[in-house]
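Descriptive analysis of the structure
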Amino acid sequence: MDKILYITPYLPFPNNKAANLFISKRIELLSSKYTIDLLSVTNGKYNNNIQDFRIKNYIKNFHFIQRKPVGIKSIISAFIQKESLFNLLSVDIINKISELLKSNTYSYVIIEHSYLSSYIIQKIPSISAKAITVFHNIEQDYFYDLYKKTKFKNPKKVFYYLEYIANKQLENKLYETSTKSFWFLSNHDLINVQNKTNNKNLLLSPTINFTLKNHSKSEKKYDLLYMGQLDNERNLHGLKWFINNVWELLDDTINFAIVGRGDTNTIQSIINQRNNITLIGEVNNLDQIFSQAKLTIIPIFNTIGVQTKLFDSLSQGNITICSEDAVNGTIFQDEQHLLIAKDKNDFANKIHKVLNNINSYSFLYSNLQQLTKNFESSELIKEMEGSLNAH
């Protein structure tokens, strides 16, 4: 079997968020045709517990490299409270990749995220001809959007702009390389890059790759659930919009749970004077919190890439009410797989309708079941094989 070196900028396990699920499912599919070595490059902690997760069944070797920021990099990383390009990689990572390339004959190198791929290809140009870059979003667009949405008095605005500039340079260089293939989660991103690169080997990588759960019989503690990173400017903008505009239109009996990692102070200050809103913060068991909610809301605007929180909710089988932007780049349809709300009144009306007769919306789950069945594993593998073998 041909061998693949699969490189990720974080641990793709456990499967407690959609980004991990995308990666682990892709590895699972590829493992039926290829031998896979996994290299994870991350700030996160690794407790030598890969044996506790299913992904161990689909890889031959697992390698872990801890990022080692020093001096100003550590300060910037702590200040911005996120994974920053300034805190991206250490020389140990390039040395490790070089070591693996010398000791193994890899037919392909799959690299998750454009910023990581561009960095590696610049440091090891010989890898380009066998490299596949998986775009989770267009990073320069992502950071430019954060820059625009952040208020001038917020010091993060400067760093978002610097990351936008850095990512713009990295991605534009990546488009010019002889990289074997680009894979995308979002059709919008594929079309965007298609106009910027001479690379014709572009693939819309399978995104209907979750195992649909069913929590319909679970005891419901919350009417509404919001789940997302709470120090992300785009998430904050959407959540504050919902609380300030939609919440006042809802019945007093409705309760609402907010879940997510990051700084909770901003949201806490908004909900202090409002009843029936519970700020839970970060949780370790997403299955449990989704099972306790009747429906999920995703109010988000001017999106970049696909919204992994959308896949999180749908994979849990939850009825999902979202803004139009939340479904950009996906194949999910309004009134078939989820409900799209066009404004604050539409959000409120749809929430009331679902909560007043939740059983009548079981067709959304049935349609999701059918949608996942339409994406047979054998066909997905053929698509990826075709991209890998293209000349």
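The notes below deal with the structure included here. (Residues numbered from 1 in each chain as written. Predicted model: local features only at pLDDT ≥ 70, side-chain atom pairs only at ≥ 80, totals over all residues. Heavy atoms only, no water.)

**Quick look at the sheet that holds strand S8 (residues 222-227)**
Strand order across the open sheet formed by 6 strands is S10-S9-S8-S11-S12-S13, with parallel pairing between neighbours. Strand pairing shows two members of the sheet lacking a second neighbour, strand S10 (277-281) and strand S13 (339-341), which therefore form its edges. Pairwise comparison of adjacent strand axes, ignoring direction, gives a mean angle of 25° for this sheet. Pairing of S8 with strand S9 (residues 256-259) involves 4 bridges; the strand directions are parallel. For Leu-225, the partnering residue across the bridge sits in S9 and is Ala-257. (Pairing = 2+ DSSP bridges. Helix = DSSP H or I, 4+ residues; strand = E, 2+ residues; numbered from the N terminus. Axes fitted to C-alpha atoms, helices over the stretch in contact; angles between N-to-C directions.)

**Looking at the environment of Tyr-175**
Mapped onto the secondary structure, Tyr-175 falls in helix H6 (residues 156-176). Between the alpha carbons of Tyr-175 and Asn-198 there is a distance of 7.5 Å; along the sequence they are 23 residues apart.

**A few points about the pairing of S10**
Because side chains alternate across S10, one face comprises the buried residues Ile-277, Leu-279 and Gly-281, and the other comprises Thr-278 and Ile-280, none of which is buried. Inspection of the sheet shows S9 paired to S10 by 4 bridges, in the parallel sense. Looking across to S10, one finds that Ala-257 is bridged to Thr-278. Handedness of the crossover joining S9 and S10 through helix H9 (residues 265-271) is recorded here as right-handed. (Buried < 20%, exposed > 50% of the residue type's maximum accessible area, 1.4 Å probe, protein only. Right-handed = clockwise from strand over helix to strand, strands pointing away.)

**Concerning the packing of aromatic side chains**
Considering all chains together, one arrives at 19 aromatic pairs under this definition. Each ring, one from Tyr-34 and one from Tyr-108, has its centre 5.9 Å from the other, and the planes form 85°; the classification is edge-to-face. Here Tyr-34, found in the loop between helix H1 (18-30) and strand S2 (35-42), pairs with Tyr-108, found in strand S4 (residues 108-112); they are 74 residues apart in sequence, far enough to count as distant. Of the two residues examined, Tyr-34 and Tyr-108, each falls in the buried class. (Phe/Tyr/Trp six-rings, centres within 6.5 Å; stacked < 30°, edge-to-face > 60°.)

**Structural notes on helix H7 (residues 187-194)**
Taken together, the buried positions of H7 are Asp-189, Leu-190 and Val-193. Projection of H7 onto a plane perpendicular to its axis shows the buried side chains occupying an angular sector of 105°, all on one side. If you follow the buried residues of H7, they end up packed against strand S5 (131-135), H6, strand S6 (181-184) and strand S7 (202-204). If you check the start of H7, you find a side-chain oxygen 3.2 Å away from the backbone N of His-188, and it comes from Ser-186. (Arc of directions from axis to C-beta. Contact = heavy atoms within 4.5 Å. Polar contact = N/O pair within 3.5 Å; in protein donor to acceptor, adjacent residues only side chain to side chain.)

**Structural notes on the pattern of salt bridges**
Under the counting rule described, the total for this entry stands at 9 salt bridges. Residue Lys-3 pairs with Asp-37 through a salt bridge whose shortest N-O separation is 3.8 Å. Of this pair, Lys-3 sits in strand S1 (residues 3-8) while Asp-37 sits in strand S2, and the two are 34 residues apart along the sequence. The class of Asp-37 is buried, set by a relative accessible area of 1%. Notably, a salt bridge pairs Asp-223 with Lys-294, separated by 3.2 Å at the nearest N-O pair. Highlighted residues: Asp-223 in strand S8 and Lys-294 in strand S11 (residues 293-298), separated in sequence by 71 residues. On the accessibility criterion, Asp-223 (10% relative accessible area) is buried. Given the relative accessible area of 31%, Lys-294 is considered partly exposed. A single network of salt bridges, built from pairs that share partners, joins Lys-25, Glu-28 and Arg-54. (Salt bridge = Lys/Arg side-chain N within 4 Å of Asp/Glu carboxyl O.)

**Regarding the side chain of Ser-181**
Looking at the element boundaries, Ser-181 is found in strand S6. Apart from residues lying up to four places away in sequence, Ser-181 is in contact with Ala-131, Ile-132, Thr-133, Asn-199, Asn-201 and Ser-387.

**So, a nonpolar patch on the surface**
Among the surface-exposed residues, Val-158, Tyr-161 and Leu-162 lie close enough to one another that they form a single nonpolar patch of about 260 Å² accessible area. By secondary structure assignment, the location of Tyr-161 is in helix H6. Exposure remark for Tyr-161: the relative accessible area of 36% places this residue in the partly exposed category. (Patch = residues over 30% accessible without salt bridge, like charges linked within 9 Å, V, L, I, M, F, W, Y side chains within 5 Å. Areas by Shrake-Rupley, 256 points an atom, 1.4 Å probe, with all protein chains shown as cover.)

**Section: the sheet that holds S6**
The sheet built from 7 strands is open, its strands ordered S3-S2-S1-S4-S5-S6-S7 with parallel pairing. At either margin of the open sheet sits one strand with a lone partner, and together these are strand S3 (61-66) and S7. Within the sheet, the average angular offset between the axes of one strand and its neighbour, ignoring direction, is 20°. Bridge count between S4 and S5: 4 bridges; the pairing is parallel. By the bridge assignment, Glu-112 is partnered in S5 with Val-134. Its contacts with the sheet put H6 on S5 and S6, and the angle it makes with S5 is roughly 135°. Its contacts with the sheet put H7 on S5, S6 and S7, and the angle it makes with S7 is roughly 165°.

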